[in-house]
Amino acid sequence: MVILSGMDSPPPAPSATPQQVSKSHFKAHALELFRQVEASGEPLVVTDHGRPTLEVRPYRPARPDSDPLEQLRGSVLRFDDPFAPVGENDWEALA
């Protein structure tokens, strides 16, 4: 079993909470909301029946000189016998 810590880049300095909009509002105002996210740099959370489902945030390209494997360094928290067979009880899809 391999357990990874969060590998995403750290979020921008957050405001109290990200702005949230419903899917229907997002559908009607997507271009305006995209421009708002680009200008402010703050993420936008799209909700479905009040439950967060998507996050829209500005794109930040990786540094050209960065090594993709370097981003993973230190992210494995535990490494338990990766070659051990997996039992049927370990697969939720088979249940």
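Residues numbered from 1 in each chain as written. Predicted model: local features only at pLDDT ≥ 70, side-chain atom pairs only at ≥ 80, totals over all residues. Heavy atoms only, no water.

A. Representation of helix H1 (residues 23–40) in the model. The end-to-end C-alpha separation of H1 is 21 Å, well short of the 26 Å expected for 18 residues at 1.5 Å each. At His29, H1 is deflected by roughly 85°, the largest bend along its length. All buried positions along H1 are accounted for by Phe26, Ala30, Leu33 and Val37. For H1, the elements touching its buried residues are strand S2 (19–22), strand S3 (44–48) and strand S4 (51–56). Positive phi appears at Gly41, one or two residues downstream of H1, with a value of about 80°. (Helix = DSSP H or I, 4+ residues; strand = E, 2+ residues; numbered from the N terminus. Expected span 1.5 Å × (residues − 1). Bend = angle between axes of the 7 residues up to and from the residue. Buried < 20%, exposed > 50% of the residue type's maximum accessible area, 1.4 Å probe, protein only. Contact = heavy atoms within 4.5 Å.)

B. View of the side chain of Thr47. Among the secondary structure elements, Thr47 is positioned in strand S3. Overall, the relative accessible area of 9% leaves Thr47 in the buried class. In this structure, Thr47 is in contact with Gln20, Val21, Ser22, Lys23, Pro52 and Thr53, ignoring residues within four places of it in sequence.

C. Expanded view of the confidence of the model for the protein. With 75% of its residues at a pLDDT of at least 70, the protein reaches an overall mean of 80. For the stretch residues 1–12, pLDDT sits under 50, and the model shows 21 contacts to residues farther than four places along the chain or on other chains. (pLDDT = per-residue confidence, 0-100.)

D. Highlighting the pattern of salt bridges. Enumeration over the complete set of coordinates arrives at four salt bridges. Between Asp48 and Lys23 there is a salt bridge whose closest N-O contact spans 3.6 Å. Here Lys23 lies in helix H1 and Asp48 lies in strand S3, a separation of 25 residues in the sequence. The partner of Arg57 in a salt bridge is Glu55, with the nearest N and O atoms 4.0 Å apart. The class for Arg57 is partly exposed, based on a relative accessible area of 41%. (Salt bridge = Lys/Arg side-chain N within 4 Å of Asp/Glu carboxyl O.)

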